[in-house]
Amino acid sequence: MRSDENWLVRRTAADSDRLGETESVFALSNGWVGWRGTLDEGEPYGMSGSYLNGFHEQRELSYPENGYAFPQRSDTVVSAPNAALIRLWVGGDALDLRTGTLRAHERVLDLGAGVVRRDTEWISPGGHGVRVRSTRLVSLPRHAIAAVRYEVEPLGDAPVELRLCSDVQANERVPERHDPRAASVIRDPLNAEAHRCDGGSGVLLHRTDRSAQRVAVAVTHEAEIPEGFATSDDCTPDRLRMCVEGRLRPGHRLRITKYAAHECTPVDGMAANELADLVVAEADAAREHGFDALLADQRGALDGHWQTADVELDGDPELQQAIRFAVFHLLQAGRAEGDRTIPAKGLTGNGYDGHVLWDTEGYVLPVLTYLAPEVTRSALRWRHAHLPEARERAVELRLPGATFPWRTISGRECSGYWPAGTAALHVNADIADAVLRYVAATRDDDLLAGVGLELLVATARLWHGFGYFSDEGAFHITGVTGPDEYAALVDDNLFTNVMARRNLLGAADAAERHPGRAEELGVNQAEIAGWRSAADAVYVPYDRKRGVHQQAAGFTEQPEWDFAALTEDDYPLLLHFPYLELYRKQVVKQADLVLAMQRCPGEFTAEEKRRNFAYYQARTVRDSSLSAASQAVLAAEIGHLDLAYDLFAEAALHDLADLGDKTSDGLHLAALAGAWTAVVEGFGGLRDQRGELCFDPRLPARLDRLAFGLRWRGQRLRVTLTRDEARYELPDAAPEVEVTLRHAGEPVTVTGRTAVTRPMPPVPDPGPEPPSPAGRRPARRA
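Rules and cut-offs
- Here the residue numbers are simple positions, counted from 1 along each chain's written sequence.
- Where local features are concerned, this predicted model is filtered to residues with pLDDT of at least 70; where side-chain atom pairs are given and counted, the filter is 80 or more; whole-chain, interface and lining totals use all residues.
- The basis for every side-chain value is the complete set of heavy atoms in the structure, and neither hydrogens nor water enter the calculation.
- Elements are defined by DSSP. Helices are runs of H or I of four residues or more, strands are runs of E of two residues or more, and each kind is numbered from the N terminus.
- For every residue, the accessible area (1.4 Å probe, protein chains only) is compared with the maximum for its type, and the residue is labelled buried under 20%, exposed over 50%, or partly exposed between those bounds.
- Note on contacts: a residue pair is in contact if any heavy atoms of the two residues lie within 4.5 Å.
- Nitrogen and oxygen atoms within 3.5 Å of one another constitute a polar contact, given that in protein one can donate a hydrogen and the other can accept it, and given that sequence-neighbouring residues count only through two side-chain atoms.
- By this rule, a helix spans an expected 1.5 Å times one less than how many residues it contains.
- Criterion for a disulfide: a pair of cysteine sulfur atoms at a distance within 2.5 Å.
- Pairing of aromatic side chains requires ring centres within 6.5 Å, counting the rings of Phe and Tyr and the six-membered ring of Trp. Pairs whose planes differ by under 30 degrees are stacked, by over 60 edge-to-face, and all others tilted.
- Placement of a positive charge over a ring is assigned whenever Lys NZ or Arg CZ falls within 6 Å of the ring centre and within 35 degrees of the normal to the ring plane.
- Criterion used throughout: strands pair if DSSP finds at least two bridges between them.
- Think of each axis as a best-fit line through the C-alpha atoms, taken over the contacting stretch in the case of a helix, with angles from 0 to 180 degrees between the N-to-C directions.
- Throughout this description, any angle smaller than 35 degrees is read as roughly parallel, any larger than 145 degrees as roughly antiparallel, any in the 65 to 115 degree range as roughly perpendicular, and the remainder as oblique.
- Just so you know the grouping, Ala, Val, Leu, Ile, Met, Phe, Trp, Tyr, Cys and Pro go in nonpolar, Asp, Glu, Lys and Arg go in charged, and all remaining residues, Gly too, go in polar.

Q: Outline the environment of L425, supporting the account with residue identities and numerical values.
A: Looking at the element boundaries, L425 is found in the loop between helix 7 (387-396) and helix 8 (426-442). For L425, a relative accessible area of 4% translates into the label buried. Remark: the alpha-carbon pair of L425 and L240, spanning 185 residues in sequence, is separated by 46 Å. The contact partners of L425, leaving out residues within four places of it in the chain, are T403, L462, W463, F466, V480 and T481.

Structure (structure tokens):
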């Protein structure tokens, strides 16, 4: 039953100093609309926000010294008109948790129902008491719709004078944060085009200047109003307000249900009046459907998702809740229809300016490929839709093929920092890798023959043209930045090189599989042969003296960083040390070579993985939320299960416990995806080895049982691990359906008729746990 405490995330009055964090944690989304988890009344708040996928404004980028091909503009997410607001005055005093007397206050994010519920008892400064309850949702089945039901009852025996106003507010103030990693703030980005309200319904229509987008938000209401209450409407270009006012007697209740519809489009994509009519019709249809029906639809949609996506951990209730929290936010971040992608913060905040980063293809899509493959398909189609901009960028950079942006919303490069932006070419291989993983898991040959092949060809052409053959015959990729942002403009970053090899070979295989389509793209046998030749000759840097692979050529010969001289206040290092110092020493911000071993496990022997992991564990400070999960996967594979478990906990709790003090501007979806990855790839031992599903499971000491599900080629596979055995089953399949996989190297065929069990494989003895940098080992979960 999806109603026990592990399905509920609670915040109470004791958490009032964590407003921004709570707003992100309680954010609701459906991949098109995202409402931050602000209080219904709008005050107090950390940062309000109502986001639509892809809706943004542009701002100028300034450089003290400009240069060729420097991006001149950046996209920045801006809030659509906020329809979540319902303000309340009690005896003339505005309900504000900072004033009066707060007798009780609790908010609950229900991961099974997909709603946020709130229950508050408050005594106004004037001595009038009320109980306020609300339920909020962003509809998963209806892309444009969000709704909230708000109820007020008197406390005590005396009537109370109430004024309740349901607002839609444009151009709300967004606080600025003095942090170089924080989002830019554009003041009043929305220009009013039209507004109207009548009889409890209304619509606001706005547009942006530079990005030339139009946004419309319509609301309509249902009101259960006691006798004696008056209603009124008021609308201005930036605000709709529908009010009820009167005296509420004991034993009576005031209930308002608001239905909001949201749409945005390019200015030249739909006429203003047509867009306004569309959202009005959507809001009206939601009201006709009814709030209870929306709640039932929401639970039904989530029940379908959770049937595959639920992860069960027996032995650690805190992390059981955390992994469900992570999966919930991943499931609500994307959308199957509409060719939409998933920004790094989803629709939970304005962090990273709302940009799409390599986090999407590198961390989020590899998880959704197994949990919601239709969402991955949509995101890949979004990348393909922006292939023209990537080709234009490649021409600007005098490169062949396509160069996808490091940061973007519109499809154009927005990163103004060259060494950690444009030079991070591995984003192109990450996109190709996402295509290959999706096709292997789904056998979606239609996507491969269409957008998939075009993405693979364009990125393979980039690598073949950017790299070069040395006199010794090795294929080198120089002057790039890998995943580790404490090392820039390096030669032969190992992650980039092995991922480029996968890209080249994947493109060659796909072109040979679809020769007609490849010919349409101008691919011939000579080009395919060139890709294979480059892939076979890719240089993989190795330090024979130390017996480890190099993160990049020469990395292991650089000066060591003095970790013992640092204190906790020195982290993250990028805020306390110059990049000139970081770039030239052996300090790793986030998993880089370790990530290569996770993504391309067949490139390394077991002994190489063991030695590499120990070397880089001692130099990786995890100043990025992306790091812990990949380190957990390799630690588990090698046999350091306690360390793996502690790293998994860090990934799973990163936002729920705000470990990085950055949750207030939105959730880190890559870290949330990493929590699933650490469990399923780390302890479940999942690997996709050239299209073959493989498991090499092991349980950490804290867990007595682990169960998870995934989709593989149209079937739902359920895996259950105990101390003694692994069980594989196809709960929904017809008896004759078969799925072939490997368990600890042994071929296993699972059918719809019978489950298959196998003994848990022995855990290798890895020796002592490798040291972490002083003070940087993840917290132990004793």
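Q: I'd love a proper account of the side chain of T422, names of residues and values included.
A: As for its position among the elements, T422 is in the loop between helix 7 and helix 8. A polar contact of 2.8 Å, which involves the side chain of T422, links it to the side chain of R393. Look past the residues within four positions of T422 in its chain and what remains in contact with it is R393, L397, E413 and Y417.

Q: Describe helix 15 (residues 606-617), listing the residues and the values that go with them.
A: In a regular helix each residue adds 1.5 Å, so 12 residues correspond to 16 Å; helix 15 covers 16 Å between its end C-alpha atoms and thus fits that length. Residues K609, N612, F613, Y615, Y616 and Q617 constitute the buried set of helix 15. Taken together, the buried residues of helix 15 touch strand 24 (548-549), helix 14 (593-599), helix 16 (627-638) and helix 17 (641-653).

Q: I'd like a description of the state of the cysteines, backed by residues and values.
A: Taken as a whole and judged by the stated rule, the model has 1 disulfide. Between C165 and C243 runs a disulfide, and the two sulfur atoms are separated by 2.3 Å. One disulfide, between C165 and C243, carries an S-S torsion of 105° and so falls in the right-handed class. With C165 in strand 13 (residues 160-169) and C243 in strand 18 (residues 239-248), the pair connects residues that are 78 residues apart, well separated along the chain. Looking at C165, the relative accessible area reads 0%, which means it is buried. On the basis of relative accessibility, which here comes to 6%, the residue C243 falls in the buried class.

Q: Summarise the packing of aromatic side chains; cite the residues concerned and give the values.
A: According to the stated counting rule, one finds 18 aromatic pairs in the structure shown. Here a set of aromatic residues connected by ring pairs shows up, and it is made of W358, Y363, W406 and F495. R599 extends its terminal NZ or CZ atom over the ring of Y363, reaching a point 5.2 Å from the ring centre.

Q: Residue-level account of the sheet that holds strand 13, with values.
A: Pairing in this open sheet of 5 strands is antiparallel, and the strands run 8-7-13-18-17 from one edge to the other. Only two strands of the sheet have a single partner each, and these edge strands are strand 8 (93-94) and strand 17 (230-236). For strand 17 and strand 18, the ladder comprises 7 bridges, and the chain directions are antiparallel. Its bridge partner lying in strand 18, D233 is registered against M242.

Q: Go over the environment of R187, please, and point to the residues and values.
A: The residue R187 is located in the loop between strand 13 and strand 14 (191-198) in this model. Considering only alpha carbons, one finds R187 and V78, 109 residues apart in sequence, at a separation of 9.4 Å. Setting aside chain neighbours within four positions, we find R187 in contact with R173, V174 and E176. In this structure the side chain of R187 is engaged in a polar contact, spanning 3.2 Å, whose partner is the backbone oxygen of V174.

Q: I'd like to hear about the packing of helix 16 against helix 18 (residues 669-683), residue by residue, with values.
A: Following both chains from N to C, one finds helix 16 and helix 18 inclined at 10°, their axes separated by 8 Å at the closest point. Taken together, helix 16 and helix 18 sit at an angle that is classed as roughly parallel. Residue-level contacts link A629, A632, V633 and A636 of helix 16 to G674, T677, A678, E681, G682 and F683 of helix 18. Along the lines of polarity and charge, the residues of the contact of helix 16 with helix 18 split into 6 nonpolar, 3 polar and 1 charged.

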